[in-house]
Amino acid sequence: MRASILTEDLLEFETPLWADLDPVARLELQAELQQMVLPGGSVLFQEGDPADALYMLVSGALGVSIQGSHGEQKRVARIFPPETIGEMALISHAPRSASVTALRDSVLLKLTREAFERLVKRCPTVMVYLSRLLADRLRTTTRSAPITFKPTTFAIVPVTQGVEVADFAHAFLEEMRRSHGRRIDLLDAMPSEEDENWLYRFEAGRESVIYVASETSGSWTGRCIRHADHVMFLACPGQPLALEAEALASAVSSWRRHDLVLLQKADASRPLPAHPSLAALPVDQRIQVRAKSPADLQRLIRTSSGRAVGVVLAGGGARGFAHLGAIRALREYGFPIDLVGGTSIGSVMAATAAIQIGLDEAKDLMREAFVRNPPLNDYTLPLIALVRGKKVDARLFEHFGDRNIEDLWLPFFCVSSNLTTGTTHVHRQGPLWRALRASLAIPGLLPPVIEPEGVLVDGAMMNNLPADIMADLQRGPVLGIDVARDVAFTTAGEEEKKAPFLRRLLGLPAQAPDIVSLLYRAATISSDAQTLKARAHAALVIHPPLADVPLRGWEQFERVVEIGYDHTRDRIEAGALDLFKAA
């Protein structure tokens, strides 16, 4: 529509394009504007399209993306009111350099090239003003940091039968107000006499808005989703996906984040799994929430709003026991652990945190698994590896065999190295024990794990501290705990002191590490490149002092746990971890 019938609110709206124009030029510009409404999920224009207009965003949000070298869509920026987009189209006939998608229902003002040219003839100063605006935009773009996801609007949508949506939504609201302040409100319907502009005014007066849909489909449900930055699909464990909710799978936007929230019973000792039909929903995470659990709700709020603490644990043989001490210190000082990931023995320690077993139980489990009855001594003819790996398989299956990664209390991942493709393989679903087995498979020591994706071995070969994988989730700050950085082999370990006569007979150096220790170190050593990569993606990486702990020093279990505890406690008391405090 033309400017003459624009609403008064839009005419008074201050946009960067006309904010500093003289009154005459401003009125001339307003006369050429056209209002348009773009539903959430709609494409404003595609990369390569002819550039024929500039747009000013009045309400809503837009996402800017470009096509990557492998055909993937790379997110470049988010546009919020009162930003403009497509300024170059007014002075250049070059095609669009990026794609723009409406992340929510949006209202825009459009200025075509033809209208702009008419305007310049009447008010030449507009061209000078636009050139300055373009220069400022280019300068800002070249200095801008990568975009982060900070949602301010949320949608709660049931996807199975039996969900008490209202009770959950009000509990979520109260917990969110407790941690984020009172400028947060809930909306479960829109007044019948109001239009879309009413929703925008409602949002503008609040820090965050929680949209609540009582049904799995319908016009209000669709509006809730279109207005949300983050969508929570609510489900009861074991209940199938509602027929009306099947359409949600095709309505998912890559710019909008979606989580599946499974509502567990208050006294659940472990999460009940989701019905297989819910796998049709392409969600980013599965989040487990126990009924009447403020702690679980607060974790959901942190995970949804970009304030979650992701903890990443490195591999490092027996030095990995330090992770148990670090976790103990974090818990004692009230630091949340919302998401966990790891590599090699770090993946095993991360799994104990994801299961949420107590520290004493975790220590007993690790002591039994690695100290009292070491699993890496079933040696065989080294056709594939030095040990059969049967004891490792049995131990992992004993402790983790009936659990799937997606059914843990905390979101979890671990990494292995895919020798077939030469890439890092990230395990986010499927049997937990088998993912851990792949992450632990030190080449030459343990047989690899053969999967359809390829031949999988110890993740430390390619990424011993996967802080980048955790950071890519954009859920909040990442804390890395690196137990492999310290030097090794500075003194002869117990294994090197064995068989001195045989070493002399074979002409081998008395102080040289044995083959098993060499394989451990080769698989878990942190290169300078890996360390820099971890530091670049983690808000903080801590390094418990473990240089005098042999990689196979399983007998030093208690001492290593205490080193991890003492070092993490000291860093906490020094204020190094203040960033990770719960909001």
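Residues numbered from 1 in each chain as written. Predicted model: local features only at pLDDT ≥ 70, side-chain atom pairs only at ≥ 80, totals over all residues. Heavy atoms only, no water.

- An unreviewed UniProt entry annotates the protein chain as NTE family protein of Microvirga lupini.
- Listed in UniProt under the heading Sequence similarities (unreviewed entry), the comment for the protein chain reads: "Belongs to the NTE family."
- Taken from UniProt, the Subcellular location (unreviewed entry) comment for the protein chain reads in full: "Membrane". (UniProt positions renumbered as here; feature names shortened; annotations may be inferred.)

**Let's talk about the packing of aromatic side chains**
Think of a pair of aromatic rings as described by two things: how far the centres are apart, and how the planes are tilted against each other in angle.
Phase 1: Across all of its chains, the model carries 8 aromatic pairs by this definition.
Phase 2: Residues Phe 321 and Phe 557 carry aromatic rings whose centres are separated by 4.7 Å and whose planes lie at 70° to one another, so their mutual orientation is edge-to-face. Taken together, the residues span a long stretch of sequence, with Phe 321 in the loop between strand S15 (310-313) and helix H9 (322-332) and Phe 557 in helix H18 (residues 557-573) at a distance of 236 residues.
Phase 3: For Phe 321, a relative accessible area of 0% puts it in the buried group.
Phase 4: Taken together, the ring pairs connect Phe 154, Phe 168 and Phe 172 into an aromatic cluster.
Phase 5: One Lys or Arg, Arg 206, reaches over the ring of Phe 202 and ends 3.7 Å from the middle of that ring.
Phase 6: The ring centre of Phe 413 lies 5.7 Å from the NZ or CZ of Arg 428, which sits over that ring. (Phe/Tyr/Trp six-rings, centres within 6.5 Å; stacked < 30°, edge-to-face > 60°. Helix = DSSP H or I, 4+ residues; strand = E, 2+ residues; numbered from the N terminus. Buried < 20%, exposed > 50% of the residue type's maximum accessible area, 1.4 Å probe, protein only. Lys NZ or Arg CZ within 6 Å of the ring centre and 35° of its normal.)

**Points about the pattern of salt bridges**
Phase 1: The tally for this structure, following the rule as stated, stands at 24 salt bridges.
Phase 2: Asp 296 serves as the salt-bridge partner of Arg 290, at 2.8 Å between the closest nitrogen and oxygen. For the residue pair Arg 290 and Asp 296, the accessibility class agrees, reading buried in each case.
Phase 3: One salt-bridge network, in which partners are shared between bridges, spans Glu 174, Arg 177, Asp 185 and Arg 206. (Salt bridge = Lys/Arg side-chain N within 4 Å of Asp/Glu carboxyl O.)

**Digging into the pairing of strand S9 (residues 153-158)**
Phase 1: Along S9, 6 of the 6 residues are buried, which leaves the element largely enclosed by surrounding structure.
Phase 2: Residue alternation in S9 divides its side chains into two sets, Thr 153, Ala 155 and Val 157 and Phe 154, Ile 156 and Pro 158, and both sets are buried.
Phase 3: Of the pairings in the sheet, the one linking S9 to strand S11 (residues 208-212) comprises 4 bridges and is parallel in character. In the strand pairing of S11, Phe 154 is matched with Ile 210. (Pairing = 2+ DSSP bridges.)

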